[in-house]
Each structure stands twice: as structure tokens, then as C-alpha cells.
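Chain and residue survey
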Amino acid sequence: MAFDVARLRAEFPILATAAAGVPLHYLDNGATSQMPRAVLDAIDRHETTSRANVLRGVHRLAEAATAAYEGARREVARYVNAAAPAEIVFTSGTTAAINLVARTFGEQLGAGDEVLLSRLEHHSNIVPWQLLRDRRGIAIKVIEATPEGRLDLDSLDRSVTPRTRLVAVTHVSNVTGAITDVGAIVAAAAKVGAKVLLDGAQRAPHGPLDVQALGVDFYAFSGHKVYGPNGIGVLWGRRALLDAMPPFMGGGEMIRTVTFEKTTYADVPHRFEAGTPPIAQAVGLGAALAWAARLDGAAVESHLMDLTGRLLDGLQTVDRGRGLVRVIGPSGLQARMPVVSFAVEGAHPHDISQLLDREGCAVRGGHHCAQPLMDFFGVAGTTRASLAPYNDRGDIDAFVGALDRALEKLL
Ligand SMILES: Cc1ncc(COP(=O)(O)O)c(C=O)c1O
């Protein structure tokens, strides 16, 4: 049966909204995706029937809230195929998850140790390691990019050294949409006993994962990009590694006993969840992942690749043979996600995005928190359209038409 995008769209109330009669074509899913009714209802139900603090009270609502919070953790564990729910640490997002690793696992590193990043990283997988470098004297090395906007795996063997302790790279580039060859990274890291962290912010929205089969050690992603609320994210880590890591933040619920002389800490994952966590957000995230896991993955993938192909063709059409529109990333559909960036010679991405917005097309224009990659491509920024399963051909055609008219004005 063909993928029923109209039915899926009907689950997202926001897609039916219009501004001044202009319908919404939401193509900024890489920044934040929209929430289906199932998630909105789960949050509403929680707040109206089970709102209380977790892991402390013994009254009915406190127990319901704790059950919902820990149930969400089990849902996340299922989605990523963790060995146990205890391997799931709730954070406020991908950024917080990576910072947690830098502040805990990273704190065990020192001068002479190397952390290997890539040219494709989002700033949130660069800056925490620079802060660690300032604190601990580690060295940062970088896997370069290819002209197609992928990790340059030919340089991998030179980049991984006996001093490499961690390889921290993106699973999918938020700029180019390229999917990382995780097997090659894991194999290279294994040769020197280094751990691997994947920034899964742009991969997690595209269906369930198997962190065990990937062979990595840490995995980070954000709730607001996986059809869930913001203010919640996930760090998955191998249990033995989490167990060996010191706490990051101190406070309530991360302790076992406290005296003024000495504090002992709770087991993972609570050791890393000091204070009142984002409870309704966790519940919403659990509902979002349960919703995403129910989609027909193969049908969604072929739908999204059909739209991505249509979008790439559209970019060629609006270029009209002038050679001004340049795709920043793979030009085809191989090993990529539905994230398409492009630069237009003579037109600023902010101006393009603003003109598109007037026609209801929400895209992102700018450096996408990936300035080192912008430098590599020699551009100040790009315009990026990033798709979700609820996008349809109408969205792509509206975008291509609006872009054509925008470039007519700007060039
Ligand atoms: C690849 C990648 N990493 C990290 C992040 C940061 O995510 P958050 O702002 O939710 O922490 C993003 C968000 O755009 C991203 O695309």
C-alpha cells in the first residue's frame, strides 16, 4: 500500500495552520520537528492526571509520575535497543548530552590524550571538547570532509593514533544530510582502543536505532527533533562506561547518602540526573518515540527519498543553467538523509529564507552551527530544507516555486 501522507499530516494540528491565508510548508525539521496529536495528548494526559515530582513522594500522583517517567526511559531504551533502561540518561538535549560526556568521561583524560572530531560537526560537538582541552590539556584532531560533504574516511587511519581516546562524530550531518559510515569509524577506533560517541540529533528522527549493532559507546539526541517536546534529550552510554564515570551536576536525587563530610552517589542513570528532571517532556518523548516506531520505516524512507529527489531536481530547474545554485552536500540519494543545503552565488541565505517565508515555506538560512564546515565550502551560510515524513510533494513544489520567484528578485 502506498504511503498515506495525507493521513499522517492530519495527525499534526500545526500543519493545518495558515498565516494571512498562506498555508504552512514546514521544511525546517532539522531544527525542530512538529508534534503529532499522540504526543500532545500524552503530555496533556500526564499534566492533568499524574503531575507530581518523581522518585521521592509516596502519594498516588508521585507514584504515577515516577511510573510515567521511568516508562518513558524504557520506551527510549526500546527505540535505541539499549541493553537496559539504566543506560538511558535524560538530559535537556543533544548539547547537554555531549557536554555530560565531556564533563565526566572527558574529565578522566589528560595531556597527551586525543579526541578526534570531524569537519562536519555541529558546534555542540566541538565546543565542549575545546572546553575540555582548556581544562585538561587534551589535543583535538579532526577528520576532514570530502567535497561531497561526507567524512573523509581516507584520512581516518592518519587521524586515529595510539593516543586517541574518543572519536566523537555526527551520525548524520545537519548541513549535508550525509550518513556517516559508522562501521569504518568503529573499526578504526577499535584498533587503538578508543571509544566512539555519535551525535545522533539528525539520525534519531528517522526511525529506531540499534546502538548495540552500531558498536558505539555513547549516543546523543534531542527530543524536539524526534517529534517530541523540547527541553528533553538523551544520552545513551554503555553501562560499564557510565558506571565508571563521576557525576557531573550535584543535587537532589543523584545521591545515596549525604553528610557534610562525604556524599555517596546513586547508581546510573540517576547519578547523572540531579534535581527535578523535565518530567512531562520525558513522557512526551516516550510517546513520540512510540509513535515514530509505529511508522512503516521502509515506506517512509522511500517517500522521503522521492521528495529529496524532487527537491534536488527543483534546485537544478531554478538554476536555469546559470551555475549559481550549488548543492552543499551529496547531489544524489545515496547514503543520505532528507536534509538538503544549497548556496546561491549573489544571494544571501537569510534573504532567500525571508522571501520563502512570505510564501509559507519555513526553511533555515545561516551557518547551521557548523562554521568549520562553512569555511571548508567557502560560504558564509547555506539555505537548508530538511524533511519529515509529513511533508508531501505539495510542500516541495511550493518551495521550488517560491525559490524560483525569490531568486528572480535577488539575482
Ligand atoms: C547534528 C546536531 N548536533 C547537535 C545539535 C544540537 O541539538 P540541541 O540544540 O537540541 O541540543 C543539533 C541541532 O541542530 C544538530 O543538528
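Let us look at the packing of aromatic side chains. One pair of aromatic rings is described through two measures. These are the centre distance and the angle between the planes. Across all of its chains, the model carries 9 aromatic pairs by this definition. Here F12 and Y390 contribute two aromatic rings whose centre-to-centre distance is 4.4 Å and whose plane-to-plane angle is 50°, an arrangement assigned as tilted. With F12 in the loop between helix 1 (5-9) and strand 1 (18-19) and Y390 in the loop between strand 17 (382-386) and helix 14 (393-410), this residue pair connects regions lying 378 residues apart in the sequence. Grouping residues by exposure puts F12 and Y390 together as buried. Following the ring pairs from residue to residue traces out a cluster consisting of F12, Y227, W291 and Y390.

Residues in contact with the ligand amount to 13 residues; listed here are only the nearest, T95, D199, Q202, S222 and K225. Within the side chain of S222, one N or O atom sits 2.6 Å away from an oxygen atom of the ligand. For the ligand, an oxygen atom lies 2.6 Å from a polar atom in the side chain of K225. For the ligand, the accessible surface in isolation is 390 Å², of which the surrounding protein chains cover 87%. Taken together, the residues that form the shell around the ligand break down as 1 nonpolar, 10 polar and 2 charged.

So, about the sheet that holds strand 13 (residues 325-327). In spatial order, the strands read 13-14-17-16; together these 4 strands make up an open sheet with antiparallel pairing. Of all strands in the sheet, those with a lone pairing partner are strand 13 and strand 16 (364-366), marking the two edges. Across the sheet, the axes of successive neighbouring strands diverge by a mean angle of 25°, strand direction being ignored. Examined bridge by bridge, strand 16 and strand 17 share 3 bridges and lie antiparallel to one another. Looking across to strand 17, one finds that G366 is bridged to T382. Helix 12 (residues 349-358) rests against strand 14 (339-344), strand 16 and strand 17 of the sheet, and its axis sits at about 160° to strand 16.

A few words now on the domain arrangement of the chain. Each assigned domain of the chain is listed with its residue range as follows: domain 1 (5-29 + 296-410) and domain 2 (50-293). Placing a centre on the C-alpha atoms of domain 1 and another on those of domain 2 gives a separation of 29 Å. Summed over both sides, the interface of domain 1 with domain 2 buries roughly 2300 Å², with 63% coming from carbon and sulfur. When residues of domain 1 are sorted by the area they lose upon contact with domain 2, M337, L373 and F376 head the list and together hold 26% of the total. Inspection of the domain 1/domain 2 interface yields 0 salt bridges. Viewed at the interface, domain 2 and domain 1 are joined by 13 residue pairs in polar contact (both at pLDDT 80 or more).

Right, let's talk about the packing of helix 3 (residues 60-80) against helix 10 (residues 279-294) for a bit. In the contact formed by helix 3 and helix 10, the axes pass within 8 Å of each other and the chain directions differ by 40°. As for the relative orientation of helix 3 and helix 10, their crossing is left-handed in sense. Only I279, A282, V283, L285, G286, L289, A290, A292 and A293 of helix 10 make contact with helix 3, whose side of the interface consists of A65, A68, Y69, A72, E75, V76 and Y79. Of the residues belonging to the contact of helix 3 with helix 10, the class tally is 14 nonpolar, 1 polar and 1 charged.

The next subject is the sheet that holds strand 6 (residues 139-143). In space, the 7 strands of this open sheet follow the order 4-10-9-8-7-5-6, with mixed pairing throughout. Taken across any chain shown, the strands that pair with only one partner, and hence form the sheet edges, are strand 4 (88-91) and strand 6. When strand polarity is set aside, the average angle formed by the axes of neighbouring strands in this sheet is 20°. Relative to strand 10 (residues 233-237), strand 4 runs antiparallel, the two being bridged by 4 bridges. Directly across from V89, in strand 10, lies its bridge partner L235. Set on the sheet, helix 4 (residues 94-103) makes contact with strand 4, strand 8 (195-199), strand 9 (218-222) and strand 10; between it and strand 9 the angle comes to about 155°.

Conventions adopted
- Residues numbered from 1 in each chain as written.
- Predicted model: local features only at pLDDT ≥ 70, side-chain atom pairs only at ≥ 80, totals over all residues.
- Heavy atoms only, no water.
- Phe/Tyr/Trp six-rings, centres within 6.5 Å; stacked < 30°, edge-to-face > 60°.
- Helix = DSSP H or I, 4+ residues; strand = E, 2+ residues; numbered from the N terminus.
- Buried < 20%, exposed > 50% of the residue type's maximum accessible area, 1.4 Å probe, protein only.
- Near = heavy atom within 4 Å.
- Polar contact = N/O pair within 3.5 Å; in protein donor to acceptor, adjacent residues only side chain to side chain.
- Areas by Shrake-Rupley, 256 points an atom, 1.4 Å probe, with all protein chains shown as cover.
- Nonpolar A, V, L, I, M, F, W, Y, C, P; charged D, E, K, R; others polar.
- Pairing = 2+ DSSP bridges.
- Axes fitted to C-alpha atoms, helices over the stretch in contact; angles between N-to-C directions.
- Contact = heavy atoms within 4.5 Å.
- Domains from an automatic or database assignment.
- Buried area = accessible area lost by both parts, 1.4 Å probe.
- Salt bridge = Lys/Arg side-chain N within 4 Å of Asp/Glu carboxyl O.
- Left-handed = near helix turned anticlockwise from the far one by under 90°.

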